Amino acid sequence: MDHLVQIKTSGKVLQTPCGYIIHGLEDVLIKVTSISDIDGERGLLWYRGYRIEDLARFSNYEEVSYLILHGRLPTRDELEMYKHRLASFRTLHPATVEVLKNLAAAHPMFALQAAIAVEGAHDVDNLRLMESFKVGRYVEAERELAFKIAEKLVAKLPTIVAYHYRLSRGLSLVEPKPDLSHAANFLYMFFGSVPQPLAARGVDLYLTLHADHEIPASTFTAHVVASTLSDMYSTVAAAVAALKGSLHGGANEMAVRNYLEMGSPSRAREVVEAATKPGGPKLMGVGHRVYKAYDPRALIFKEFAREYVAKFGDPKHLYAIAEAIEQEVLSHPYFQQRKLYPNVDFWSGIVFYYMGIPYEYFTSIFAMSRVVGWLAHVLEYWENNRIFRPRGCYIGPHDLRYVPLDQR
Ligand code: SDX
């Protein structure tokens, strides 16, 4: 185990009788990848070699998800055919709609997790790929089928999220509209009307910024589940479970709830100071395991949020509150010493809140985007699959004598 000592890690290395433990696997590599890269020190992000700033400015989620999944930007014809396939995959199996009805009162992330599993149980392509796994490896002949299933999941998650919202409010379901873009169709199914352009642009930008991010906890979860040759829907359902936590995808909901609770920018110093105390509440939307600079996605979405509230107003002062917190964080020694900056969850919820999307749906929208990253990584790992099986360093007793119950 000594070779671990040489690896680059700024993390918490624990020495044990069996060797070294890297707490939280900080900086531990699990594979080589060509999907996305992060320069944490400089705050840079690339998808398949393209800077996130360029993709945010010039591209859209359909094109970016194609890039992440298939490894290159599509031609015009390829993009049109991909959009057509996505639109054709948006509908759900009746059993999935029934599950959403039964979970109408549940938090959207529970419903999303369950609905994905039920949809997978009824997807004959998914079952066929599972059957091919009985040989114990990913059969190259099934690669095309696997990519088709990935595109189906990208297409279906927005329908699941929008249907759950409608059912949770006792509203009638709004069927997908094939001629609308991915983002516009989501808002159409969610609110029941074709969205105005700036709202559709906001959702599309959000989906583009969240599409992949190397190996965060949810993507690592997808790798672990897929490495056993479980099915692709179950892999995504597991990744959704990991994303739900407030330290990961759940932070966008918590950040807006904190801003609403604060009520005024004047409380920023008090709230930020509380987060510096040992055992104090962590500031949601701040800090990152890899970025030790401002998250480039947060910088991009901040600009959009500024444009959005300039046009539609900031009645709850959410943007002003976030900006006040940002300024405190950027100047406070506690945060600067630890290189803690706003991350992707810091600004995004403000726009969704003002769009009228309830904050309990924010993480589901994160999952709607990241599903393409999770599956691109799974398809990449399956090309050289090996089941994950780490070890634990046992420090308990051995060979104890069993004492009968009446003698204890
Ligand atoms: C996402 O990994 C990804 O790529 C994730 C993501 C993606 O696209 O998939 O980018 C999406 O999940 C973004 C992160 C969203 N989560 C939050 O905003 C929750 C708040 N952030 C923190 O919980 C924390 O910053 C993490 C979980 C994001 C990172 O935690 P680490 O790397 O394990 O850091 P740590 O807990 O070891 O913290 C180091 C120090 C500690 O203080 P000391 O022990 O040195 O005194 O920094 C402090 C922490 O207490 N700290 C914070 C803080 N984040 C870290 N203190 C106050 N507020 C915070 N937000």
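Coordinates for the structure precede this section.
For the structure given in this document, a descriptive report is provided here. (Residues numbered from 1 in each chain as written. Predicted model: local features only at pLDDT ≥ 70, side-chain atom pairs only at ≥ 80, totals over all residues. Heavy atoms only, no water.)

## Some remarks on the overall build of the protein chain
If you tally the helices and strands in the protein chain, you get 18 helices and five strands. Here the C-alpha atoms of the protein chain give a radius of gyration of 22 Å, agreeing with the 22 Å that 2.2 N^0.38 yields for 408 residues. Seen through its C-alpha atoms, the protein chain measures out along the principal axes to roughly 70 × 55 × 55 Å. Each of the 408 residues in the protein chain was classed as buried or not, and the buried ones make up 52%. Sequence-distant contacts in the protein chain: of pairs separated by 6 or more residues, those separated by 24 or more amount to 72%. Carbon and sulfur atoms make up 55% of the accessible area of the protein chain, which amounts to about 19,200 Å² in all. Of the charged side chains in the protein chain, 45 are positive and 45 negative, and the gap between their average positions amounts to 2 Å. (Helix = DSSP H or I, 4+ residues; strand = E, 2+ residues; numbered from the N terminus. Rg over C-alpha atoms; globule rule 2.2 N^0.38 Å. Buried < 20%, exposed > 50% of the residue type's maximum accessible area, 1.4 Å probe, protein only. Contact = heavy atoms within 4.5 Å. Areas by Shrake-Rupley, 256 points an atom, 1.4 Å probe, with all protein chains shown as cover. Lys, Arg positive; Asp, Glu negative; His and termini not counted. Charge placed at Lys NZ, Arg CZ, Asp CG, Glu CD.)

## A short note on the state of the cysteines
Among covalent bonds in proteins, the disulfide is the one between the sulfur atoms of two cysteines. Scanning all chains against the criterion turns up one disulfide. Each sulfur of the disulfide joining Cys 18 and Cys 393 lies 2.0 Å from the other. With the S-S bond torsion at 75 degrees, the cross-link from Cys 18 to Cys 393 turns out right-handed. Residue Cys 18 is found in the loop between strand E1 (13–16) and strand E2 (19–22), and its partner Cys 393 is found in the segment after helix H18 (362–382); the two are separated by 375 residues along the sequence. Classification of Cys 18 as partly exposed rests on a relative accessible area of 40%. Judged by relative accessible area, Cys 393 falls into the partly exposed class, the value being 21%. (Disulfide = S-S within 2.5 Å.)

## Topic: the site of the ligand
Around the ligand sit 24 residues, and of these His 213, His 288, Arg 289, Arg 297 and Arg 370 come closest. Between the ligand and Leu 247, the relevant distance is 3.0 Å, taken from a nitrogen atom to a main-chain nitrogen or oxygen of the residue. Separating a nitrogen atom of the ligand from a side-chain N or O atom of Tyr 334 is a distance of 3.0 Å. For the ligand, whose accessible area on its own is 1,100 Å², the fraction buried by protein is 78%. Split into classes, the residues belonging to the shell around the ligand amount to ten nonpolar, seven polar and seven charged. (Near = heavy atom within 4 Å. Polar contact = N/O pair within 3.5 Å; in protein donor to acceptor, adjacent residues only side chain to side chain. Nonpolar A, V, L, I, M, F, W, Y, C, P; charged D, E, K, R; others polar.)

## What to know about the sheet that holds strand E3 (residues 36–39)
Read across the open sheet, the three strands follow the order E3-E4-E5; overall the sheet is antiparallel. Pairing within the sheet leaves two strands with one partner each, and these edge strands are E3 and strand E5 (50–51). In terms of strand pairing, E3 meets strand E4 (residues 44–47) through four bridges, oriented antiparallel. Within E4, the position partnered with Ser 36 by the bridge is Tyr 47. (Pairing = 2+ DSSP bridges.)

## Overview of the packing of aromatic side chains
Applying the stated rule across the entire model yields 22 aromatic pairs. Judged by centre distance (4.0 Å) and plane angle (10 degrees), the rings of Tyr 165 and Phe 190 are stacked. In this pair, Tyr 165 sits in helix H7 (residues 143–168) while Phe 190 sits in helix H8 (residues 182–191), placing the two residues 25 residues apart along the sequence. For the pair Tyr 165 and Phe 190, a shared accessibility class is recorded, and that class is buried. An aromatic cluster of at least three residues, connected via ring pairs, comprises Tyr 206, Phe 301, Phe 304, Tyr 308, Phe 312, Phe 352 and Phe 362. Lys 177 extends its terminal NZ or CZ atom over the ring of Tyr 188, reaching a point 5.9 Å from the ring centre. (Phe/Tyr/Trp six-rings, centres within 6.5 Å; stacked < 30°, edge-to-face > 60°. Lys NZ or Arg CZ within 6 Å of the ring centre and 35° of its normal.)

## Concerning unusual backbone geometry
With phi around 65 degrees, Glu 214 is a residue other than glycine that occupies positive phi space. Tracing the backbone through its elements, the reader meets Glu 214 in the loop between helix H9 (197–209) and helix H10 (217–227). Given the relative accessible area of 25%, Glu 214 is considered partly exposed. Unlike most non-glycine residues, Lys 339 shows phi in positive territory, near 55 degrees. Here Lys 339 shows up in the loop between helix H16 (333–337) and helix H17 (348–355).

## Notes on the nonpolar core
Counting residues in hydrophobic clusters, the biggest one holds 123 residues, and the most contacted among them are Ile 116, Leu 153, Met 232, Ile 325 and Trp 382. Sort the elements by how many residues they give to this core and H7 lands first, with 14 residues. Ignoring anything within four residues of it in the chain, the contact list for Met 232 reads Asn 126, Leu 129, Ala 146, Ile 149, Ala 150, Leu 153, Leu 375, Leu 379 and Trp 382. (Core = buried A, V, L, I, M, F, W, Y, C linked by side-chain atoms within 4.5 Å.)

## A word on the packing of helix H12 (residues 251–262) against H17
The contact between H12 and H17 brings their axes to 8 Å, and the two run at 70 degrees. In terms of their interaxial angle, H12 and H17 are classed as roughly perpendicular. Note on element contacts: H17 touches H12 through Ser 348, Gly 349, Ile 350 and Tyr 353, opposite Asn 252, Val 256, Tyr 259 and Leu 260. Tallied by class, the residues present in the contact of H12 with H17 amount to five nonpolar, three polar and no charged. (Axes fitted to C-alpha atoms, helices over the stretch in contact; angles between N-to-C directions. Parallel < 35°, antiparallel > 145°, perpendicular 65-115°, else oblique.)

## Structural notes on the pairing of E2
The pairing of E1 with E2 spans four bridges and is antiparallel. Paired with Val 13 across the two strands is Ile 22, which belongs to E2. Connecting E1 to the antiparallel partner E2 that follows it, the hairpin turn spans two residues.

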